[in-house]
Amino acid sequence: MTKRVLMFPGQGSQKLGMAGDLKESVTALTKQLDFDIVDIMAHDEAKLSLTEYTQPAIVSHSAALIERFKGDFDYTIGHSLGEYAALVASGVIRAEDAVQIVAKRGQLMATAFPKGVGSMAAVLGLDIKEVEALCQEISTEDAVIEPANINCPGQIVVSGYQSKIDELVKNGKSLGAKRVLPLNVSGPFHSSMMKVIGTEFSEFLDGFEFKDAKVPVVQNVSAAPETDAATIKRQLIEQLYSPVRFEQSVQHLIDAGVTEFVEIGPGKVLGGLVKKISRDVTITSIETIEDLEGWNH
């Protein structure tokens, strides 16, 4: 019997005009926010690229599609931000609550440090042990960089102090990487630097109800299926300052017999990463109502 996972994209998948056919649903899901995300999605590319707007935009797009999804599934997974949409699909949190939570998360992440203090870069052509060694070599006691997103073989994102990211971008090739590409982000996400927002985010999460998952969610922190509400909530806080172990998570799913990966939300980023991890699985992308109708029938 085919095992299926629903997977949900994170930051970087947003684009102007996203969720254009889902306006009513997105409006209903985002009515608690103090800004008009539907208008931003349609008309304001500059704002849409800012973390505090990107996060509710992507999660509301995915959640609006989840409401209409009629298929069965055995697991859910999200990439960083996408984990919140996965929790909606698994019945852990309400869609409206997920949108409010990620709006707060985005605001905290965007304001954790002044501009220019921290950043991220993609390291291509090295494995995780090599990247860890590289980070240790470059880091100092006062300025660290660390693996942040372990995406697929040969693609690992690092995060930390801007000065060290700049050093890595400049010297990456001579240090053995095929390429090191700076990312257009506003902070050192998924690095230990983000512990500064952990307490405030944890207190904010306490205002929402978390239920045990009806369908296991493979969380970024553990790279393993979780169903316990308290564990899931704790790992959402840890996720702020821990690596996104996407490659290990996908490998875990494949080892568990999953052969069908269905990406729900804007873009096809995750499908591309899964292809680099395994060529032996089926990948489907559901971005619009039309895609979903084709799937549901």
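Quantities reported herein were computed from a predicted structural model and do not represent experimental measurements. (Residues numbered from 1 in each chain as written. Predicted model: local features only at pLDDT ≥ 70, side-chain atom pairs only at ≥ 80, totals over all residues. Heavy atoms only, no water.)

1. Details of the nonpolar core
Link 1 in the chain: Of all hydrophobic cores here, the largest spans 64 residues; its most connected members are Ile93 and Phe210.
Link 2 in the chain: The contacts of Phe210, once residues within four sequence positions are left out, are Val92, Ile93, Ile101, Leu205, Ala229, Lys233 and Leu236.
Link 3 in the chain: Counting 17 residues, the second-largest nonpolar core is a separate cluster that includes Ile77, Phe246, Val250 and Phe261. (Core = buried A, V, L, I, M, F, W, Y, C linked by side-chain atoms within 4.5 Å. Buried < 20%, exposed > 50% of the residue type's maximum accessible area, 1.4 Å probe, protein only. Contact = heavy atoms within 4.5 Å.)

2. Some thoughts on the sheet that holds strand S3 (residues 118–124)
Link 1 in the chain: Here we have four strands laid out as an open sheet, ordered S4-S5-S3-S6, and antiparallel in their pairing. Two strands in the sheet have a free side with no partner beyond their single neighbour: strand S4 (145–152) and strand S6 (179–182). Going across the sheet, the axis of each strand differs from the next one's by a mean of 25 degrees, ignoring polarity.
Link 2 in the chain: Each of S3, S4, strand S5 (155–161) and S6 is contacted by helix H8 (residues 162–171), which is oriented at about 140 degrees to S5, the strand it contacts most. (Pairing = 2+ DSSP bridges. Helix = DSSP H or I, 4+ residues; strand = E, 2+ residues; numbered from the N terminus. Axes fitted to C-alpha atoms, helices over the stretch in contact; angles between N-to-C directions.)

3. Side note on the sheet that holds strand S8 (residues 225–226)
Link 1 in the chain: Taken together, the six strands give an open sheet; going across it, the order is S8-S7-S2-S1-S9-S10, and neighbouring strands pair in mixed fashion. For this open sheet the edge positions go to S8 and strand S10 (282–286), each flanked by a neighbour on one side alone.
Link 2 in the chain: Across the sheet, helix H11 (residues 246–255) touches strand S1 (3–8), strand S2 (75–78), strand S7 (217–218), S8 and strand S9 (258–264), and the angle it forms with S9 is around 135 degrees.

4. Section: a negative patch on the surface
Link 1 in the chain: Taken together, the side chains of Asp21, Glu290, Asp291 and Glu293 make up a negatively charged region of the molecular surface.
Link 2 in the chain: Structurally, the position occupied by Glu290 is in helix H13 (residues 289–296). (Patch = residues over 30% accessible without salt bridge, like charges linked within 9 Å, V, L, I, M, F, W, Y side chains within 5 Å. Areas by Shrake-Rupley, 256 points an atom, 1.4 Å probe, with all protein chains shown as cover. Salt bridge = Lys/Arg side-chain N within 4 Å of Asp/Glu carboxyl O. Lys, Arg positive; Asp, Glu negative; His and termini not counted. Charge placed at Lys NZ, Arg CZ, Asp CG, Glu CD.)

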